[in-house]
Amino acid sequence: MFEGVPLTWFLILATIMFFVGIYGFLVRKNLITILMSLELILNSVNINFVAFNKLLYPEHLEGMFFTVFIIAVAAAEASVAIAIIINIYRRLVNIDVENMKEMKY
Amino acid sequence: MFTYTVWIVLIPFFLFILIGFFGHKFKPLVSGVVGTSGLFASMALSYYTAYQYFFVVGKTGDVFGKIIGYNTVWLKLTEKLHIDLGVLLDPISVMMLIVITTVSFMVHLYSIGYMQGEKGYMRFFSMLSLFSFSMLGLVVATNIFQMYIFWELVGVSSYLLIGFYYTRDTAVAASKKAFIVTRFADLGFLIGILLLSFNTGTFDFLTLTDPNGVAITQGSGIMFLGLSTMTWSMIFIFMGGAGKSAMFPLHIWLPDAMEGPTPVSALIHAATMVVAGVYLVARMFPIFHFSAPVALDVVMCVGAFSSIFAAVIACTQYDIKRVLAYSTMSQIGLMMFALGVSGYGAEEGLGFMASMFHLFTHAFFKALLFLAAGAIIHAVHSNYMNDMGGLRKHLPITHITFLIACLSIAGIPPLAGFFSKDEILAAGHEKSMMLFILGLIISALTAFYMFRLYFSIFWGKQQQYHHTPHEAPKVMTIPLILLALGAVFAGFIPFSSFVTSDGKPFASHIDFAVAIPAVLVGVLGALTAMMFYMKETNIPETISRSLGGFYRAAFRKFYIDEIYLFITKKILFNYVSRPVAWFDRHIVDGSMNGISYVTNEVSTRIKGMQSGQLQQYAWIFVSGAIGLALAFIYLWTL
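Sequence order sets the numbering: in each chain, residues are counted from 1 along the sequence as written. As they are written, the chains are lettered A onward and the ligands numbered 1 onward, keeping that order. Reporting of local features is limited, given that this is a predicted model, to residues whose pLDDT is at least 70; pairs of side-chain atoms are given and counted only at 80 or more, and all residues count toward the totals for whole chains, interfaces and linings. With hydrogens and water stripped out, all remaining heavy atoms of the structure feed into the side-chain values.

How should the pattern of salt bridges be read in this particular structure?
Side-chain pairs of opposite charge can arise where the charged atoms are in close proximity. All names here are of chain B. We define a salt bridge as a side-chain nitrogen of Lys or Arg found within 4 Å of a carboxyl oxygen belonging to Asp or Glu. A complete count under the given rule lists ten salt bridges over all chains for this structure. In this structure, Asp90 and Arg283 form a salt bridge, with 2.7 Å as the shortest nitrogen-oxygen distance. With a gap of 193 residues between them, Asp90 in the loop between β4 (82-89) and α3 (91-114) and Arg283 in helix α12 (residues 276-283) connect regions that are remote in the sequence. Exposure categories follow from relative accessible area, calculated using a 1.4 Å probe and restricted to protein chains: below 20% of the type maximum is buried, above 50% is exposed, and the middle band is partly exposed. The exposure class assigned to Asp90 is buried, which follows from its relative accessible area of 5%. We note a salt bridge from Glu259 to Arg168, for which the minimum N-O separation is 3.3 Å. Residue Glu259 is located in the loop between α10 (253-256) and α11 (262-271), and its partner Arg168 is located in the loop between α5 (144-162) and α6 (169-200); the two are separated by 91 residues in the primary sequence. Salt bridges sharing partners connect three or more residues here, namely Lys177, Asp256, Asp319 and Arg322. Numbered from the N terminus, helices here are DSSP runs of H or I no shorter than four residues, and strands are runs of E no shorter than two.

Sorry if this is basic, but what is going on with helix α4 (residues 121-139) of chain B here?
Every α-helix winds through 3.6 residues per turn, so residues three or four apart in the chain are directed the same way. Expected helix span is given by 1.5 Å per residue-to-residue step, counting one fewer step than there are residues. When the terminal C-alpha atoms of α4(B) are compared, their 27 Å separation across 19 residues agrees well with the 27 Å that a helix rising 1.5 Å per residue should span. Within α4(B), 17 of the 19 residues are buried, which leaves the element mostly enclosed by the surrounding structure.

What is the right way to read the packing of aromatic side chains from this model?
A ring pair, where both rings are aromatic, is described by two values, the distance of the centres and the angle of the planes. Residues and elements named next belong to chain B. Each Phe, Tyr or Trp ring (for Trp, its six-membered ring) is paired with any other whose centre lies within 6.5 Å, and the angle between the two planes then decides the class: stacked below 30 degrees, edge-to-face above 60, tilted in between. Across all of its chains, the model carries 44 aromatic pairs over all chains by this definition. Pairwise contacts between aromatic rings join Tyr51, Tyr53, Phe54, Phe55, Phe64 and Phe498 into one cluster. The positively charged end of Arg283 is found above the aromatic ring belonging to Phe205, 5.5 Å away from the centroid. Two limits define a charge over a ring: the Lys NZ or Arg CZ must be within 6 Å of the ring centre, and within 35 degrees of the ring normal. The side chain of Arg452 reaches across the aromatic face of Tyr318, ending 5.3 Å from its centre.

Can you walk me through the pairing of strand β3 (residues 67-76) of chain B in this structure?
Within a regular strand, side chains alternate between the sheet's two faces. Residue and element names in this part refer to chain B. Between any two strands, at least two bridges found by DSSP are needed for them to pair. As judged from the eight bridges shared by β3 and β4, these two strands associate in the antiparallel manner. Looking at the pairing, Thr72 lines up with Leu85 of β4. The loop that links β3 with its antiparallel partner β4 comprises five residues.

Quick question: what am I supposed to make of the confidence of the model for chain B here?
Interpretation of the predicted coordinates at a detailed level should be avoided for regions scoring low in pLDDT. Overall, the prediction assigns chain B a mean pLDDT of 85, with 99% of residues at 70 or greater. Our summary of model confidence lists the complex with pTM equal to 0.79 and ipTM equal to 0.85. The predictor's confidence in any single residue is recorded as pLDDT, a number from 0 to 100.

Given below as structure tokens:
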């Protein structure tokens, strides 16, 4: 692999990032940190893409392209999410996720 | 050559559009005059066509052929199967063109006076035009599907005109009754058309009625209940014809249809639309004769029975329009009967010729009778002959024309009715003695009820009227006089040299063995009526009392209406409609309502699960995903 780094290590890294992200998503109350956790989840997927691309089709670049694509979409998504969060802040003067229950049934 | 004939049909259609959509912009009288002059144009064209057809180009060799004047493919289903619209000219359709346009023109002219000051004057004229258009389209149909389309159109215009006084409950009920009964009969007609075209692969009359054509020579191998498919299809087609022509037992709508304005009764329910059934049988006659003789026997039996049945009822009724309605039914029964006994070929087809001849003359004297009845009702403001009497001094022109029509229908020579009825009786005579005697009885009854009507209206006791009855205006009496001329002279047309079953002219002659008894019974009937009704006597009462139950049954029209009501209201409504309605309301609607109710209940119960807490949802989602992943990893074994 990359000068002697085995694939397993990449997978372990990605898995740890993924579950750290999940953990953060589930337990943090601040919307900004929840958004950050989401970025972690996305990037763990990106690592997997790159790693498998290098392992399986070293001569192709589709995995890389996909990663770049995900990064671009994530940027857009983050900007929209932050815009929503700012609006929520203006209305409720905090960004605690537990206060956001107006739209249940 | 005959392309212009399409205008005979189209002029009334454009009149309908013109009067119906723009009539209200002008004075009411304008629509009447426009409608009448349009019909005059149509009538002139018809006469020209008849002249061209019968005297100039119609004959090839010595046979009147069928000419397609105009044809257009209207609906192309496949290469072979297409529905056309067009104009077919042959002796019977040309004759019908004359009858329809003439009577329609007379009725239009008469209505200008009769409908004066009525609400819906232009509605009336636009509907009359619609009717004329449909009826003309029906008779010139080149194929059975075109006939069916126009058949329904005349049905709908009849419905609209019977219900013309739509504020009157009886008129509304009568129009509904007429529509439903004829519509029910037309269901049979449609089934017959489908069977026939399935069997022969064509709608076209030229192919269907050619005696050497495929349709007739191929025969019909398939049998059902002992009768061939062709026979069944012709019986079903005749069912449609019986419905329109008010044959027993589908006649119940005709007497009620008299709720419409009197000119409508004259045009639709006496001269033209009700003979459409006769025309239908005549049009399909070669098929009836060659492929379905059993169906032709059905036509004969139904015609003969309806004729005598209606004649008996007509003797007991008091509403003059109802008497005339039953008389119409009786005369149409005679025409059907004549068709039923007829053979095919020049002299063999005497019955066919007689039927068409009677149709022709009947149109004149029956339209005249109705229009005269309209003039009488107009003067007396009552439909009941009990309210009339001694009117001959007040209504001289109506009196004379009515008398002419009565003499004509009673078959007194040399009026038109004599010649045509004589041919019918001769045709019956050729078939069997019994049918001839039946015909004589019908003739006697006809003469009796017509003169009963005549004497009770114009003679009888002198009534005290609220205001002196006065003769109708000129615009109403002129059509009466013209039609009376028709009722006198139409019989002198040598019909057998124009209209025959196969187009070959033959010379008919008056058979004195038939004519003398026929005239005698006619005179007998008329004299009996004169004895009973000319002066006020108590003979009718005595006779009706001595007849007892039979008289009451005839007076109540043999309880046919009651039987229909019993079958529909007591049996169909209670034992079919109600259970079906219950099934619809409780089972079909119930299951739908049940589903929505259950969905509603369940969702109100479980909506509490939506807490609005994002992270709770995420927990459930993640644990579900992990659970599934575990299940896939450990339990999924291929």
